[in-house]
Amino acid sequence: MPIDYSIIIPAYNEAVELPGTLSSILRAMEAVSLEGECIVVNNNSTDSTAAVARSHGADLVVQEPINQIARARNAGAAKASGPSLIFIDADTRIRPELLVEALRRLEETPCVGGGSVIKFESEVSVLGHIGIWLWECTSRFTHIAAGSFIFCRREAFEAVGGYDESLYASEEIRFSRLIKKWGRSNDLDFVILDKAPALTSARKLSWYSGSQILGWIALMILMPFAVRSRKLCSFWYERPKKV
């Protein structure tokens with residue numbers, strides 16, 4: 001049976017988070033009449049990520065040996081069969097309504113793709129509330145999607161060359177801009193959905209202090225080229241030893 005859409009989950013050492021993420025995705029897929037597939041990209045993990053993905057319902061596990069989020073997303077897309085691509089982070093849960101609406105937009109409206117409003121799945125500090133509010137305002141105003149949940153037409157993905165593999169962070173921002181630009185030239189909208197927000201883990205707020213998080217944000221603002229350095233983007237690639 002032909003595949004109508006592909007869900008792609010990049011995963012680096014996500015054996016703990018994947019069961020919850022895959023459970024929410026499989027429930028969402030059951031609510032859709034279209035035929036879909038779920039792909040997990042094992043991004044050079046040193047834990048049981050691949051085995052957990054297989055045992056919790058992934059249709060395909062792709063191996064990407066270079067630890068970089070952009071490469072992982074592109075590797076999953078390269079193996080995907082569907083004309084609609086949906087990228088979901090390994091620590092993000094979705095409700096059926098979100099998947100249904102994203103696919104409806106791609107299937108029934110002049111839509112090139114988009115993202116979702118993001119909420120934390122647990123209680124967070126004041127800094128967390130301020131951060132997620134600021135991102136939501138930015139996302140709605142600029143129509144830039146958070147990496148936690150992005151969907152698009154495959155033809156648009158291929159036309160812009162996928163995710164920029166020279167970036168180790170903020171690759172979703174560049175991708176959103178390129179997809180949005182391609183969509184405008186083809187009379188297609190880029191939308192941010194808000195009826196069923198994607199729920200993402202607040203784990204970084206417990207891993208790092210407020211000053212560490214603010215320091216990283218300041219670094220990205222003052223040195224925007226830092227996103228091209230894995231070392232300078234270690235906030236996203238390395239976890240505290242106590243975790």
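Located above this text is the structure these notes cover.
Residues numbered from 1 in each chain as written. Predicted model: local features only at pLDDT ≥ 70, side-chain atom pairs only at ≥ 80, totals over all residues. Heavy atoms only, no water.

Caption draft 1: Quick look at the pattern of salt bridges. A full pass over the atoms with the stated rule returns 14 salt bridges. The salt bridge involving Glu101 is made with Arg105; its shortest N-O contact spans 2.7 Å. Of this pair, Glu101 and Arg105 both sit in helix H4 (residues 96–108), separated by four residues, roughly a single helical turn. With relative accessibility at 23%, the residue Arg105 sits in the partly exposed group. With a closest N to O distance of 3.1 Å, Arg174 and Asp164 form a salt bridge. Here Arg174 is found in helix H7 (residues 171–185), whereas its partner Asp164 is found in the loop between helix H6 (154–159) and H7, with ten residues between them in sequence. (Salt bridge = Lys/Arg side-chain N within 4 Å of Asp/Glu carboxyl O. Helix = DSSP H or I, 4+ residues; strand = E, 2+ residues; numbered from the N terminus. Buried < 20%, exposed > 50% of the residue type's maximum accessible area, 1.4 Å probe, protein only.)

Caption draft 2: Fine view of the packing of aromatic side chains. Within this structure, the stated rule accounts for eight aromatic pairs. Taking 6.0 Å as the distance between ring centres and 55 degrees as the angle between the ring planes, the aromatic pair formed by Phe149 and Phe151 counts as tilted. Residue classification places Phe151 among the buried residues on the basis of a relative accessible area of 0%. In this structure, Arg73 is placed above the aromatic ring of Tyr163, and the distance from its NZ or CZ to the ring centre is 5.2 Å. (Phe/Tyr/Trp six-rings, centres within 6.5 Å; stacked < 30°, edge-to-face > 60°. Lys NZ or Arg CZ within 6 Å of the ring centre and 35° of its normal.)

Caption draft 3: Molecular detail of a nonpolar patch on the surface. On the surface, a nonpolar cluster with roughly 430 Å² of combined accessible area is contributed by Val126, Ile130, Trp133 and Leu134. Mapping Trp133 onto the fold places it in helix H5 (residues 126–142). Residue classification places Trp133 among the exposed positions, given a relative accessible area of 53%. (Patch = residues over 30% accessible without salt bridge, like charges linked within 9 Å, V, L, I, M, F, W, Y side chains within 5 Å. Areas by Shrake-Rupley, 256 points an atom, 1.4 Å probe, with all protein chains shown as cover.)

Caption draft 4: View of the environment of Trp207. Mapped onto the elements of the fold, Trp207 is located in helix H8 (residues 203–207). The spacing of Trp207 and Ala77 is 130 residues in sequence and 30 Å in space, taken between C-alpha atoms.

Caption draft 5: Layout of the sheet that holds strand E4 (residues 84–88). Reading across the sheet, the eight strands line up as E3-E2-E1-E4-E7-E6-E8-E5 and stay open at both edges, with mixed pairing between neighbours. Edge positions in the open sheet fall to strand E3 (60–63) and strand E5 (92–93), since each of these has one partner strand only. Set on the sheet, H7 makes contact with strand E6 (111–120), strand E7 (149–153) and strand E8 (189–200); between it and E7 the angle comes to about 30 degrees. (Pairing = 2+ DSSP bridges. Contact = heavy atoms within 4.5 Å. Axes fitted to C-alpha atoms, helices over the stretch in contact; angles between N-to-C directions.)

Caption draft 6: Geometry of the environment of Ser6. Position of Ser6 among the secondary structure elements: in strand E1 (residues 5–11). Residue class for Ser6 comes out buried when judged on its relative accessible area of 0%. Taking the C-alpha atoms as reference points, Ser6 and Ser33, separated by 27 residues in sequence, lie 14 Å from one another. The contacts of Ser6, once residues within four sequence positions are left out, are Glu37, Ala80, Ser81, Gly82, Ser84, Leu85 and Ile86. There is a polar contact of 3.4 Å between the side chain of Ser6 and the backbone nitrogen of Ser81. (Polar contact = N/O pair within 3.5 Å; in protein donor to acceptor, adjacent residues only side chain to side chain.)

Caption draft 7: Inspection of the pairing of strand E2 (residues 36–42) at higher detail. The element E2 is extensively covered by neighbouring structure, given that seven of its seven residues are classed as buried. Burial of E2 is two-sided: the residues Gly36, Cys38, Val40 and Asn42 facing one way and the residues Glu37, Ile39 and Val41 facing the other way are all buried. Across seven bridges, the pairing between E1 and E2 is parallel. Following the sheet pairing, Pro10 is matched in E2 by Val41. Crossover handedness for the path E1 to helix H1 (residues 18–30) to E2: right-handed. One ladder, built from four bridges, connects E2 with E3; its direction is parallel. Bridge pairing in E3 links Val40 to Val61. (Right-handed = clockwise from strand over helix to strand, strands pointing away.)

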